[in-house]
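# Close look at the chain arrangement
If you want the building blocks of each chain, they are given just below.
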Amino acid sequence: MYKWDESYCIGQPMIDEQHHTLFQICWRIINIFKDNDQEKNHRAVMEAIKYLKNYTMEHFAQEEAYQQSIGYEGFPEHKQIHENFKQTVLEWETILEESGYTQANVEQFVEILNEWLAEHIIHADQAIRPGSGSGTLKP
């Protein structure tokens, strides 16, 4: 899994801090399973996934507001990338609920989220870095 690295900074402190927090949440979820209490793990994972989903949606909204405030030309495409990922998160939420939040499924979901986050910051969010121009958008 990817860990937060200063190279992910885009030069906007609020967004950088939110990205850092998203990486931390991913690692916290994975670490929940270090406890052998399955019932406790189940509740903790359910709450953590709920928090992660809400935090991600909040982050997308704030990042999009920032993009609009600076007149970012790639905003429509970037917003669509976020919308596509929101759908992925909702699909995974169903998978996790139906599986009873099994460790394997939770770990797979977090790895997908973590990888998407790292790639998205590197390829799409770096395009909103001051002085970067519109850049090429990728998920």
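Quick look at the overall build of the chain now. Summing up its helical and strand segments, the chain has four helices and zero strands in all. Order of helices (α) and strands (β) in the chain, N terminus to C terminus: α-α-α-α. Overall size of the chain, expressed as C-alpha extent along the three principal axes, is 50 × 25 × 20 Å. Classification of the 139 residues of the chain by burial places 43% in the buried group. Here the analysis covers contacts within the chain between residues at least 6 apart in sequence; of these, 67% occur between residues at least 24 apart. Measuring between centres, the 11 positive side-chain charges of the chain sit 4 Å from its 23 negative side-chain charges.

Checked against the element boundaries, I70 lands in the loop between α2 (38-69) and α3 (75-99). Using a relative accessible area of 43% as the deciding quantity, one classes I70 as partly exposed. Separated by 22 residues in sequence, I70 and W92 have C-alpha atoms that sit 33 Å apart.

Under the 1.5 Å per step criterion, the end-to-end length of α3 is 36 Å for 25 residues, consistent within 8% with the ideal 36 Å. Along α3, the positions that sit buried rather than exposed are F75, H78, I81, H82, F85, K86, V89, W92, E93 and L96. Buried residues belonging to α3 abut α2 and α4 (103-123). Looking one or two places after α3, you find G100, whose phi comes out positive at around 75°.

Per-chain confidence: the chain averages 89 in pLDDT, with 94% of residues scoring 70 or above. Overall, residues 134-139 carries pLDDT values under 50, and its contacts beyond four positions in sequence, including any with other chains, amount to 21 contacts.

A probe as big as a water molecule, rolled over the atoms, marks out the empty space that is left. Scanning all chains against the criterion turns up two cavities of 30 Å³ or more. What the largest cavity holds in volume is close to 40 Å³. Every residue along the wall of the largest cavity is listed here: L22, T56, F60, F85, L113, W116 and L117. Of all the elements in the fold, those that place two or more residues in the lining of the largest cavity are α2 and α4. For the lining of the largest cavity, the element with the most residues is α4, which contributes three residues. Taken together, the residues that form the lining of the largest cavity break down as six nonpolar, one polar and no charged. Each pocket or cavity is described by its volume, and for the second largest cavity that value is around 30 Å³. In terms of lining, the second largest cavity is formed by I49, L52, K53, T56, V89, F109 and L113. Secondary-structure elements contributing two or more residues to the lining of the second largest cavity are α2 and α4. Of the residues forming the lining of the second largest cavity, the biggest block, four residues, is contributed by α2. Of the residues that constitute the lining of the second largest cavity, the class distribution is five nonpolar, one polar and one charged.

How each quantity is defined
- Residues numbered from 1 in each chain as written.
- Predicted model: local features only at pLDDT ≥ 70, side-chain atom pairs only at ≥ 80, totals over all residues.
- Heavy atoms only, no water.
- Helix = DSSP H or I, 4+ residues; strand = E, 2+ residues; numbered from the N terminus.
- Buried < 20%, exposed > 50% of the residue type's maximum accessible area, 1.4 Å probe, protein only.
- Contact = heavy atoms within 4.5 Å.
- Lys, Arg positive; Asp, Glu negative; His and termini not counted.
- Charge placed at Lys NZ, Arg CZ, Asp CG, Glu CD.
- Expected span 1.5 Å × (residues − 1).
- pLDDT = per-residue confidence, 0-100.
- 1 Å grid on protein atoms, 1.4 Å probe; cavity = no way out; pocket = protein on both sides within 12 Å on 5 of 7 lines; lining within 4 Å.
- Points joined across faces, edges and corners; volume = space filled by probe spheres on them.
- Nonpolar A, V, L, I, M, F, W, Y, C, P; charged D, E, K, R; others polar.

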